[in-house]
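# Summary of the model geometry
Next come the chains, spelled out residue by residue.
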Amino acid sequence: MSERNDHKVVLPIGPQHPSLKEPGSFKITLDGEKVERAVVEIGYNHRGIEKACESRNYTQDLYIIERVCGICSHAHTSCFCQAFEDMAGLEVPRRAYYIRGIVGELERLHSHLLWLGVASHEIGFDTLFMYTWRDRELVLDLLAQIGGNRVNYGVNTFGGVRRDLEADLMQDILHVCDQLEEKIKYYADLATTETTLIARLKGIGVLTPEDVRHFSAVGPVARAAGILDDIRVVEPYGVYKEIPVNAVTDDHCDVYGRTLVRVKEMLESIRLIRVMIREIPEGPISVRAPRKLPAGETLRRVEAPRGENIHYIRSNGSDMPDRVRVRAPSEANWHGMSYMLEGFQLADVPIIIAAIDPCYSCTDRAVSLSSGRDEQIASWDQLRLFGIEQYKKNGIDPGSIAIRPF
Amino acid sequence: MKKKERPGGLAGLAILNLFRKPATQTAQFGLGGIQKGYRGRLLYDPATCINCVMCMRDCPTGAITIENRGTKEQKDMHAYLDVGRCVFCCQCVDTCPKKCLSCSSDVLLAAFSQDDLKIEL
């Protein structure tokens, strides 16, 4: 802590700090208790994952990609597998899509329950923290039964999934869904009626729809500002082409809105799991995938629990990728963090940071070493045209995508 | 009427806790919570192995090693696993064309030195 000549205090928080378990540094200039300026310094968790992928074959890369994030490991592999299948021209069996969907929604449940626990811990509501983490164990046990591991389930493979869902297991999933629904409804009731919780969360960490567009925020942060930014709805993939998702949005634009969005999304996930289990078709769970990909590039988007997940693969025709780029949702949400923190109290800092559900290991991907050569800046119109072409190529009519007008 | 506070009211609970079962589980008598189909220590069947080393090619961490100590005609197959490197993804099990690898639910693989982590399957 250092005091400047104008009696303002610069408070360094982190890299190791008590609020979250991953390293991230914040330099916060305080005027009394009020945050005047916040500088976010990330990059302590850079592991060189993208570079590691370039020197291994696609099958090995799948397990590196799975370890990009410890919470949304399935979303990352789903995205990577879809990009691979897109390039290889594989027809994935329908049953595999359904299993991917069920595991993806279970993952969303456990991610949101984890977040609810962390957020309540940040505001000193440790009872809710204990409750939600207890409930999360039910989901983790299910995921361990499905994939054989609590965190890195290893369900996805190129051309389908590795493990089938048996009838007994599906009954277990439905049973857990019944148990969880009752509890999550109680949390939803708590979030909308408990006055101390509402007073603590309302009006802090505000990000208006204009700010969301400006900072390119994604996921529940964007949806809490009323922007329907859900890839499962905007650009349906896999099972979501057959089972439509009722996207959850909110107009609070603050931490309270983000809490409501996540709690309601959990109920929507339970509904989706039930529908998927009811309508899961019989058949094979995977097709044989080639070891090499034809030369070319592809970009795929998947809705992870924290928001939009983007994977880019460029192939030169060998069994190793030429370039892999992973844009995790936390990376997009960090841009607005300084803006969200400024103007609020120091005591609000932990919950505002936690409200985006930050994942530092997701964020720290690549360092841009720009040479200035072979670079071109595309205008918005060019990018828009490119986007429309891409949508048409994927069989989606861009005119049907509803974007909230400002 | 306000309930009268008794000093040492928690003492009864504390004494009761002395005779309760511990909340933690002892691994000595079997692990609880290990699900069916859990990915643990690998099992290897040398009789069916054809030394194609596809498992070695697909292992993301290079943890598995297959070695033929015999000749091409008279095979003497051995598989080694570096538990310190293995991430228990079991891709080798999926890759193996002869299904000579499988995963067990054995997760008690801790050792006191790095050298002890290199085990023969």
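Just so it is clear, the structure is predicted and the values come from calculations on it, not from any experiment. Think of each chain on its own: its residues are numbered from 1, step by step along the sequence as written. Just so you know, chain letters begin at A and ligand numbers begin at 1, following the order they were written in. In view of the model being predicted, local features appear only for residues whose pLDDT reaches at least 70, and side-chain atom pairs are presented and counted only at 80 or more, with totals across whole chains, interfaces and linings using the full set of residues. With hydrogens and water stripped out, all remaining heavy atoms of the structure feed into the side-chain values.

### Topic: the overall build of chain A
As a reminder, the rule being used: Each helix corresponds to a stretch of at least 4 residues labelled H or I by DSSP, and each strand to a stretch of at least 2 residues labelled E; elements are numbered beginning at the N terminus. We compute the radius of gyration over the C-alpha atoms and compare it with the globule rule, which gives 2.2 Å times the number of residues raised to the power 0.38. By the convention used here, residues are in contact when the closest approach between their heavy atoms is within 4.5 Å. In short, Shrake-Rupley with a 1.4 Å probe defines the accessible areas, and a residue's cover is counted only from the protein chains shown.
Assigned secondary structure in chain A consists of 16 helices and nine strands. In terms of overall dimensions, chain A is globule-like: its C-alpha atoms have a radius of gyration of 21 Å, near the 22 Å expected for 406 residues. Along the longest, intermediate and shortest principal axes, the C-alpha atoms of chain A span 65 × 60 × 40 Å. Considering only residue pairs separated by 6 or more positions, chain A has 69% of its internal contacts joining residues 24 or more positions apart. As displayed, chain A offers around 17,800 Å² of accessible surface, 52% of which is attributable to carbon and sulfur atoms.

### Some thoughts on the nonpolar core
Let me state the cut-off plainly: Residue types Ala, Val, Leu, Ile, Met, Phe, Trp, Tyr and Cys, when buried and joined through side-chain atoms within 4.5 Å, form a set referred to as a nonpolar core. Exposure is judged per residue with a 1.4 Å probe applied to protein chains only, and the accessible area is read against the type maximum: over 50% gives exposed, under 20% gives buried, and values in between give partly exposed.
Counting 99 residues, the largest nonpolar core has Ile102, Leu106, Leu109, Ile173 and Ile353 of chain A as the members making the most contacts within it. Per-element tally for this core: the top contributor is helix α4 (residues 94-122) of chain A, with 13 residues. Apart from residues lying up to four places away in sequence, isoleucine 353 of chain A is in contact with Leu20, Phe26, Trp334, Met337, Leu341, Pro358 and Tyr360 of chain A. By size, the runner-up hydrophobic cluster in this structure holds 23 residues, among which are Cys55, Cys59, Phe88 and Leu101 of chain B.

### Concerning the pattern of salt bridges
Residues and elements named next belong to chain A. Using the following cut-off: Throughout this description, the term salt bridge denotes a Lys or Arg side-chain nitrogen within 4 Å of a carboxyl oxygen of Asp or Glu.
Per the stated rule, a full pass over the model turns up 36 salt bridges over all chains. One salt bridge in this structure joins arginine 232 and aspartate 230, with 2.9 Å as the shortest N-O distance. There is no split in this pair, since arginine 232 and aspartate 230 are both buried. Through salt bridges with shared partners, one network takes in Glu105, Arg108, Arg223, Asp230, Arg232, Glu265 and Glu303.

### Some details on the interface of chain B and chain A
As a reminder of what qualifies: When two parts are put together, the accessible area they lose, computed with a 1.4 Å probe and summed over both, is reported as buried area. N or O atoms closer than or at 3.5 Å make up a polar contact, with two conditions inside protein: a donor-capable atom paired with an acceptor-capable one, and, for residues adjacent in sequence, both atoms drawn from side chains. Ten residues, namely Ala, Val, Leu, Ile, Met, Phe, Trp, Tyr, Cys and Pro, are considered nonpolar, four, namely Asp, Glu, Lys and Arg, are considered charged, and the remaining ones, Gly among them, are considered polar.
Of the residues lining the interface, 15 residues belong to chain B; the matching set on chain A comes to 20 residues. Both faces combined, the contact of chain B with chain A buries some 1,500 Å², and carbon together with sulfur accounts for 35% of it. Inspection of the region where chain B meets chain A yields two salt bridges. A salt bridge links arginine 162 of chain A to aspartate 94 of chain B; the nearest nitrogen and oxygen atoms lie 2.5 Å apart. Across the chain B-chain A interface, the total number found is 13 residue pairs in polar contact (both at pLDDT 80 or more). Put simply, the parts of the chain that give the side of chain B that touches chain A at least two residues each are α2 (54-58) and α3 (91-95) of chain B. At three residues, α2 of chain B tops the list of elements feeding residues into the side of chain B that touches chain A. Grouping the constituent residues of the side of chain B that touches chain A by class yields seven nonpolar, three polar and five charged.

### A look at the side chain of threonine 59 of chain A
Tracing the backbone through its elements, the reader meets threonine 59 of chain A in helix α2 (residues 58-66). On the basis of relative accessible area, threonine 59 of chain A is assigned to the buried category, the value being 16%. When neighbours within four sequence positions are excluded, threonine 59 of chain A is seen to be in contact with Phe158 of chain A together with Asp58 and Gln91 of chain B.

### Considerations on α4 of chain A
Spacing of three or four residues puts side chains on the same side of an α-helix, whose turn is 3.6 residues. Residues and elements named next belong to chain A. Note the following rule: Here the expected span of a helix is defined as 1.5 Å times the quantity of residues minus one.
Under the 1.5 Å per step criterion, the end-to-end length of α4 is 42 Å for 29 residues, consistent within 8% with the ideal 42 Å. Burial analysis of α4 places 26 of its 29 residues in the buried class, which makes it a mostly covered element. Downstream of α4 by one or two residues, glycine 124 has phi in the positive range, about 80°.

### Considering the packing of α2 of chain A against helix α3 (residues 73-88) of chain A
Residue and element names in this part refer to chain A. Basically, it comes down to this: The angle between two axes is taken between their N-to-C directions and runs from 0 to 180 degrees, where each axis is a line fitted to C-alpha atoms and a helix contributes only its stretch in contact. With respect to orientation, any angle under 35 degrees is reported as roughly parallel, any angle over 145 as roughly antiparallel, any angle of 65 to 115 as roughly perpendicular, and every other angle as oblique. Working rule for handedness: look at the near helix, and if it is turned counterclockwise from the far one by less than a right angle, call the crossing left-handed; if clockwise, right-handed.
Remark: α2 packs on α3, axes separated minimally by 8 Å, with the N-to-C direction vectors making an angle of 150°. Relative to α3, α2 is oriented roughly antiparallel. Where α2 crosses over α3, the handedness of that crossing is right-handed. From α2, Tyr58, Asp61, Leu62, Ile65 and Glu66 reach across to α3, where they touch Ser73, His76, Thr77, Phe80, Cys81 and Phe84. For the contact of α2 with α3, the class distribution of residues is six nonpolar, three polar and two charged.

### Concerning the packing of aromatic side chains
Residue and element names in this part refer to chain A. What counts, and what does not: Stacked, edge-to-face and tilted labels apply to pairs of Phe, Tyr and Trp rings (six-membered ring for Trp) whose centres lie within 6.5 Å, assigned for plane angles under 30 degrees, over 60, and everything in between, in that order.
Scanning all chains against the criterion turns up nine aromatic pairs over all chains. Taking 3.9 Å as the distance between ring centres and 20° as the angle between the ring planes, the aromatic pair formed by phenylalanine 84 and phenylalanine 158 counts as stacked. Note that phenylalanine 84 is positioned in helix α3 and phenylalanine 158 in the loop between β5 (156-157) and β6 (160-161), a separation of 74 residues in sequence. Accessibility classification places phenylalanine 84 together with phenylalanine 158 in one group, the buried group.

### Regarding the sheet that holds strand β8 (residues 307-315) of chain A
Residues and elements named next belong to chain A. The line we're drawing: Two strands qualify as a pair provided that DSSP identifies no fewer than 2 bridges between them.
If you walk across this open sheet you meet the three strands as β7-β8-β9, and the pairing is antiparallel. Both edges of this open sheet fall to β7 (296-304) and β9 (321-327), since each of them pairs with a single strand only. With strand direction ignored, the average angle separating the axes of adjacent strands in the sheet is 15°. Examined bridge by bridge, β8 and β9 share six bridges and lie antiparallel to one another.

### Here's the deal with unusual backbone geometry
In terms of backbone geometry, most residues other than glycine have negative phi values and most peptide bonds are trans. Residue and element names in this part refer to chain B. A positive phi angle is found at cysteine 90, which is not glycine, with a value near 60°. On the secondary structure map, cysteine 90 appears in the loop between β3 (77-82) and α3. Among the residues examined, cysteine 90 registers a relative accessible area of 5% and is labelled buried. Positive phi is not limited to glycine here, since lysine 99 has a value of about 55°. Tracing the backbone through its elements, the reader meets lysine 99 in the loop between α3 and β4 (101-103).

### Things to note about α3 of chain A
All names here are of chain A. Compared with an ideal rise of 1.5 Å per residue, which puts 16 residues at 22 Å, α3 spans 22 Å between its outermost C-alpha atoms and is within 8% of the ideal. In terms of burial, α3 is largely enclosed, as 14 of its 16 residues are buried. One or two steps after α3, the chain reaches glycine 89, where phi turns positive at roughly 70°.

### A look at the pairing of β7 of chain A
The side chains of a regular strand alternate, first on one face of the sheet and then on the other. All names here are of chain A. Pairing of β7 with β8 involves nine bridges; the strand directions are antiparallel. By the bridge assignment, glycine 296 is partnered in β8 with serine 315. Hairpin connection between β7 and β8: a loop of two residues separates the two successive antiparallel strands.

### Details of the confidence of the model for chain A
Any residue range with low pLDDT should be treated as having predicted coordinates unsuitable for detailed reading. Note the cut-off: Known as pLDDT, the predictor's per-residue confidence is scaled from 0 to 100.
The predicted model of chain A averages 89 in pLDDT, with 94% of residues at 70 or higher. Ranking the elements of chain A by mean pLDDT puts strand β1 (residues 2-3) of chain A last with 69 and helix α11 (residues 255-279) of chain A first with 95.

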